[in-house]
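Fold and contact review
The lines below spell out each chain.
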Amino acid sequence: MGEVTITASDGVTFDIEKGEFAVIVGASGAGKTTVLNMLGGMDNCDEGEILVDGKNIAAYNNKQLTAYRRFDIGFVFQFYNLVNNLTALENVELASQISRDSIAADEMLKKVGLEERMNNFPSQLSGGEQQRVSIARALAKKPKLLLCDEPTGALDYNTGKNILKLLQDTCREDGMTVIVITHNLAIAPMADRVIRLKNSKIESVTLNPTPQDVNTIEW
Amino acid sequence: MKKRTSAYKKDIAREIRRSIGRFMSVFLIVALGTGFFAGIKSTMPDMKESAADFFEENNLMDLKLVSNVGFRYEDLQAVEDLDGVSGVQAGYSSDVYYNYDGQNQVVKVMSYSGGEDILNKPILIEGRLPQNSGECVVENTMKTPDSYKIGEKLTLSAPGKDGDIHDYFKHDTFEVVGIVASPLYIGFERDATTIGSGSVNSFMLIPEEDFTLGFYTELYVRFDGLDREEPFSDKYTDEIEEKKQPVIAAFENSVNERMKESKQDAIEQLDKAQENIDAINSLLALDENALAQYIAQLDSDVEALRAQAENGTALDRVSLAQQETKLQTAQGLYASRLAGDTSVDEHLSAQAAQGQAQADEIQAQIDSIPDTKIYDYTRFSSNDYASFAGDSEKIDAIAKVFPVFFVFIAALVCLTTMTRMVDEKRTEIGTYKALGYSSAKIMAKYLIYALVPTVTGTLFGTAIGFKLFPYIIYNSYKILYNIPSIDTPFRVDYALWCMAVAVIAVGATVVASCYASMSAKPAQLMRPKAPPAGKRVFLEKITPLWKRLGFLTKVTLRNLLRYKKRFAMTLIGVAGCTALIMTAFGIKHSISKIVDLQFGKILQYDAVTVLNKDSGATDDDINALLDENEDVEDHLLISETDCTLNANDLSYGVSLMVPQQPQKLNDFIRLDDCKSGDKLTVADGEVVITEKITQLMGLKVGDEIEIEIPEKETVKLKISSIAENYSMHYIYISPQDYERLYGEEPQFNQAYLSIADGTVTADFSQQLISKDEFLGIVFLDEKAETFFSSIESLNAIVWLLIICAALLAFIVLYDLANINITERVREIATLKVLGFYDSETSAYIYRENIYTTVIGIILGWGMGLVLHRFVVLTAEVDLVMFAREMVWYAYILSALLTALFAVMVNVVLHFKLKKIDMVESLKSIE
């Protein structure tokens, strides 16, 4: 479960093991978004294979892809993408409503430390808090894979760190497979696996036997 | 000039091309709003102007005089010489019978003199106008017999027991050579008459020379210097009132002159005759001696005269001849008396008696020279003429509500659309500002973007509206009027007004929505606008209720209440759609319902037969005849007289009904109180009037009304009750009251019949009409059918409303849903990433549409009720009263159709939603 193999168009392949904290890094235009779209089931690919938990999602049709997004993927957006008109709780419910086996929304929010702010609307929350809601929303449906697109991109340094901490803890404590896509090389040391992208090609895949705690990383 | 770079223009052109949907929605809503307004607004002037042109083209008279003394050449001359009279035409007319299908119909035969300049020019519809003796043209309406066809020979008969048609015309049979219409009759109403059923069925024109009447029966006059453009105006009416007085006076003078001469002649004749008689009587009175003396006297006179006459004058010879005759007569008498013969005596007394008879006759003639009576009629004497103007004004009244509503919606749609556009273009506005474009210049882009569809939409909408609406509306009225066609010009002034209003409204909304963005600094504009914050809605305060609602319901309610302006607008659009459809079906029902009510509930008789007043049969004879008839279960004689009702400065044509046995009236015509529904009786002293006319004239129980019957004294009555009735206007009074008012018994000219079940109507009517006493028979079923077909035409208006409602719903729902989607692209893309299936994503957005539609429908029902009532009250033709209540199926159909339109919009949206790319969710906030 949670095993990911991507065969990119140039034939370079990478794997991510279940329960790993993987970081995909690359500068702007390096092909991060393509990888994200493929992995997230948001786009079809012409060739190659994407095996998630042994299933080749590259061969999925639209409906299967939707089901894949619904049940297997948790997505964390750079700009949180919360529904403005829903409270924090309701935003999480939006996800838990549609999945088969979900974690209760309030429980999930408690877990990300927003117990007190459950009934607030996104506009009443800070950026960090909003991103926590976004993470809670992604985790509530018990995905196989947590896919984070520049999760700290819109946040200040400290808040960003806290969010990364949350993601790391989720990975460590709950055994969740987490993939963070970012341009920020500095956070690479915290990952189990670092995949570097350059010009739509995989430059390197490095395994990090001793990932650092987020708190010890500075950038 | 630097600013007018082509790049700027290109930007606008591309903007339009890229957002063609938005551009079209502004275009269509403006076209719909202005088209509807301009179309309905132009219907009244189109109708009135078409009528005015029609009257002018055919030289319609302004004034018609009818007199019991007739018109002669010198009368004509006298009127023609007056200042301000541009045309005078005398003509003949006679009301006679034409027997068709066993029924005697009253035909008004009028003279046609030919020529280009004649007044009341007939409009040839088919065939040609009469040229030769023995030819005629007839009209073709719903009421005219099938035999009114070219080539048919129509045989006419005179009214009265021993009437001879040759007293009227040279021939009794006329061949139809053409079908015409007359500007004198623009509607269904024909003149009243003293024969038959009391009203003329159709008119006929024959060559003037085919009339054998001694004098012209009517005189038509046209005046100079009238406002011919507006023949329905008060100004026209006032001018006619003023100008007709000298005409009447001139005619009166001419008649008096002529009468004086003929009277003098008669008196002279009478004097002469009297002299003669006196002479004979005095001769007879003489005894033999006196006679001998008288003869001797005459003898010497004759001798003297003879001598004188030999050289004398002609006069002398005449008096000689006279004296000689006298002498001869006296000598004859003397001789026969001597012989004991009385034959000369007898002969002479016979002569005297004859002379006396002659004198009496002349005396009678002198006595019978009537007081001259003159009746004057204007165009407005025809109820149809007045109601044509009235009907067109009613449409104008409708134009005050419907179009205002459409314009309001159009303005709202434009406001929302343009506000959204400016919001979307924040960054671009900022860029333009940063590049150094002035606010005005930037605003101009959006103004141009909005005003291009506004101006073209107005032109497109009005061009269609001007043609379509008057045409469809007039066509549905056409069944009532025979003004052949309506002109639907493009009214530049109206179009400009519409455009001005549209441009100002749209321009103002653009400026208003740009204003906030314009005053901001470029840097501010470059930053994303804060999305509207989520809010708790009041419903959440009702915790028990809120808790029970499903998650998606909560979301939907919050979304709806977040964009209050848009929500309100969609509601108005949807409610408007429902209201329009409901009104359309409601009107249709209200109109068709009156057939049920009038012919099912009010009119209870099976048939009405017209009595022949010339048959010599008394009312008792008729009653006896009907009593004998096995097929007639019951019957009631009634007198129906066309009259004019005056009250509150208004005049309307009504029928004065006098039943012979008022206590039986309710078996034939149900008179129920219009409010309480209680049965009404026409007892002695009671005056029952029908509901609609009281509404038209603002009358209530206890009010005094004035009844004017032509050639009768005008009387006053007091209303004692008001009866339910849906078609035509009636006043019911008892025969005793009629006698008291008019000093004579009412003339019962009709009989209501209730016919036994199973009677074969064709046989029955044949058998009844074969009798001299009955002129014709109409069965209620036939009447209902005719009536129904005349109102069925309003269906066109119903369809017009439904189509407009559909367009309205489509444009409003689509436009708003479209805005809703573009504004929430990010949210929708996120939902997709979260794994919502297409149907779920659509449902998430639809829910709002569905809720709005449901609430809109409920609101629309309320609006529909109000609108329906308003339209029913204003659109009613004077002669009928529509059923006022809303029918149940109007609720259902309006809801279903509105829902259908909403579903259709949702289907289109579904495909739009499907196309939204999930990548949108990854983009930074603009």
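Note that the structure is a prediction, hence the values are computed from the model and not measured.

For chain A, the count of helices and strands is 6 helices and 10 strands. Across the 219 residues that make up chain A, the buried fraction comes to 49%.

Before going further, it helps to spend a moment on the overall build of chain B. Tallying secondary structure elements over chain B gives 25 helices and 21 strands in all. When burial is assessed residue by residue, chain B has 39% of its 926 residues classed as buried.

In this section: the packing of helix H5 (residues 127-140) of chain A against helix H6 (residues 157-174) of chain A. All names here are of chain A. The geometry of H5 relative to H6 is characterised by a closest axis approach of 9 Å and an angle of 20° between their N-to-C directions. On the basis of their axis angle, the class for H5 and H6 is roughly parallel. As for how H5 packs across H6, the hand of that crossing is right-handed. Along the contact surface, H5 presents Gly-127, Gly-128, Gln-131, Arg-132, Ile-135 and Leu-139, while H6 presents Thr-159, Asn-162, Ile-163, Leu-166 and Thr-170.

All right, on to the nonpolar core then. Counting residues in each nonpolar core, the largest one holds 231 residues, and the members touching the most others are Ile179(A), Cys414(B) and Leu813(B). Broken down by element, the residue count for this core peaks at 18 residues, all from helix H2 (residues 20-57) of chain B. When residues of this core are sorted by domain, at least three fall in each of domain 1 (93-212) and domain 3 (563-595 + 781-926) of chain B. Excluding its chain neighbours within four sequence positions, the residues that come into contact with Ile179(A) are Ile16(A), Ala22(A), Ile24(A), Leu39(A), Leu145(A), Leu146(A), Leu147(A) and Cys148(A). Val632(B), Cys643(B), Met657(B) and Leu671(B) belong to the second largest nonpolar core, which has 47 residues in total.

With that settled, consider helix H6 (residues 314-338) of chain B. When the terminal C-alpha atoms of H6(B) are compared, their 36 Å separation across 25 residues agrees well with the 36 Å that a helix rising 1.5 Å per residue should span. Within two residues after H6(B), Gly340(B) carries a phi angle of roughly 75°, on the positive side.

Residue and element names in this part refer to chain A. Most of strand E8 (residues 177-182) is tucked away, with 6 of its 6 residues classed as buried. Side chains Thr-177, Ile-179 and Ile-181 project from E8 onto one buried face, and the interleaved Val-178, Val-180 and Thr-182 project onto a second face that is buried too. Inspection of the sheet shows strand E3 (residues 21-25) paired to E8 by 5 bridges, in the parallel sense. Note that in E8 the partner of Phe-21 across the bridge is Val-178. With 5 bridges joining them, strand E7 (residues 145-149) and E8 adopt parallel strand pairing. The partner of Leu-147 across the bridge, within E8, is Ile-179. Following the backbone out of E7, through H6 and into the adjacent parallel E8, one traces a crossover that is right-handed.

All names here are of chain B. With respect to topology, 4 strands assemble into an open sheet ordered E2-E10-E1-E11, the strand pairing being antiparallel. Looking along the sheet, the strands with just one partner apiece sit at the ends: strand E2 (85-91) and strand E11 (374-378). Taking the axes of each pair of neighbouring strands and ignoring which way they run, one obtains an average angle of 20° across the sheet. For strand E1 (residues 63-71) and E11, the ladder comprises 5 bridges, and the chain directions are antiparallel. In the strand pairing of E11, Val-66 is matched with Tyr-375. The strands touched by helix H3 (residues 73-80) are E1, E2 and strand E10 (216-223); relative to E2, the strand with the most contacts, the crossing angle is about 165°.

Of the residues lining the interface, 23 residues belong to chain B; the matching set on chain A comes to 24 residues. Among the secondary structure elements, those contributing two or more residues to the side of chain B that touches chain A are helix H15 (551-562) and helix H23 (825-833) of chain B. Per-element tally for the side of chain B that touches chain A: the top contributor is H15(B), with 5 residues. Taken together, the residues that form the side of chain B that touches chain A break down as 13 nonpolar, 6 polar and 4 charged.

A word on unusual backbone geometry. A positive phi angle, near 40°, is found at Glu150(A), a position not held by glycine. Within the secondary structure, Glu150(A) is located in the loop between E7 and H6. Its identity is not glycine, yet Asn648(B) carries a phi of approximately 50°, on the positive side. Inspection of the secondary structure puts Asn648(B) in the loop between strand E13 (632-647) and strand E14 (650-659).

What follows covers the packing of helix H1 (residues 6-18) of chain B against helix H11 (residues 439-477) of chain B. Residues and elements named next belong to chain B. Packing of H1 against H11 leaves a shortest axis separation of 10 Å and a crossing angle of 45°. In this view, H1 runs oblique relative to H11, as classed from their interaxial angle. As H1 packs across H11, the resulting crossing turns out to be right-handed. The residues of H11 that touch H1, namely those facing Asp-11, Ile-12, Glu-15 and Ile-16, are Lys-445, Ile-448 and Tyr-449. When the residues that make up the contact of H1 with H11 are grouped by side-chain class, the tally is 4 nonpolar, no polar and 3 charged.

What follows deals with the environment of Ile857(B). Residues and elements named next belong to chain B. Within the secondary structure layout, Ile-857 lies in helix H24 (residues 838-875). On a C-alpha basis, the gap between Ile-857 and Thr-898 in space is 7.3 Å, while along the polypeptide they are 41 residues apart. Setting aside chain neighbours within four positions, we find Ile-857 in contact with Val-574, Thr-578, Ala-895 and Thr-898.

A turn of α-helix holds 3.6 residues, and therefore any two residues three or four places apart point the same way. The end-to-end C-alpha distance of H15(B), which contains 12 residues, comes to 17 Å, matching closely the 16 Å that a straight helix rising 1.5 Å per residue would cover. Here H15(B) has its buried residues at Lys554(B), Val555(B), Thr556(B), Leu557(B), Arg558(B), Asn559(B) and Leu560(B).

Either a parallel or an antiparallel arrangement is found when strands of a sheet pair, and the pairing is made through backbone hydrogen bonds. Residue and element names in this part refer to chain A. Judged by pairing direction, the sheet is mixed, and its 6 strands sit side by side in the order E6-E7-E8-E3-E9-E10 without closing on themselves. The open sheet terminates on both sides in strands that have one partner only, identified here as strand E6 (73-76) and strand E10 (201-207). Each strand axis lies, on average, 15° off the axis of its neighbour in the sheet, ignoring direction. Where strand E9 (residues 193-198) lies against E10, 6 bridges are found, and the strand directions are antiparallel. Note that in E10 the partner of Ile-195 across the bridge is Val-205. Docked against the sheet, helix H1 (residues 32-39) engages E3, E7, E8 and E9, running at close to 150° with respect to E8.

In this section: the environment of Trp799(B). Residue position: Trp799(B) is located in helix H22 (residues 795-823). For the pair formed by Trp799(B) and Ile581(B), sequence separation is 218 residues and the distance between their alpha carbons is 9.1 Å.

A word on the environment of Ala304(B). Residue and element names in this part refer to chain B. Along the chain, the position of Ala-304 falls in helix H5 (residues 288-311). Among the residues examined, Ala-304 registers 12 C-beta atoms within 10 Å and is labelled exposed. A sequence separation of 16 residues divides Ala-304 from Leu-320, and the C-alpha atoms of the two residues are 9.2 Å apart.

Definitions and limits used
- Residues numbered from 1 in each chain as written.
- Chains lettered and ligands numbered in written order.
- Predicted model: local features only at pLDDT ≥ 70, side-chain atom pairs only at ≥ 80, totals over all residues.
- Helix = DSSP H or I, 4+ residues; strand = E, 2+ residues; numbered from the N terminus.
- Buried ≥ 20, exposed ≤ 12 C-beta atoms within 10 Å, placed from the backbone.
- Axes fitted to C-alpha atoms, helices over the stretch in contact; angles between N-to-C directions.
- Parallel < 35°, antiparallel > 145°, perpendicular 65-115°, else oblique.
- Left-handed = near helix turned anticlockwise from the far one by under 90°.
- Contact = placed C-beta atoms within 7 Å.
- Core = buried A, V, L, I, M, F, W, Y, C linked by C-beta atoms within 7 Å.
- Domains from an automatic or database assignment.
- Expected span 1.5 Å × (residues − 1).
- Pairing = 2+ DSSP bridges.
- Right-handed = clockwise from strand over helix to strand, strands pointing away.
- Nonpolar A, V, L, I, M, F, W, Y, C, P; charged D, E, K, R; others polar.

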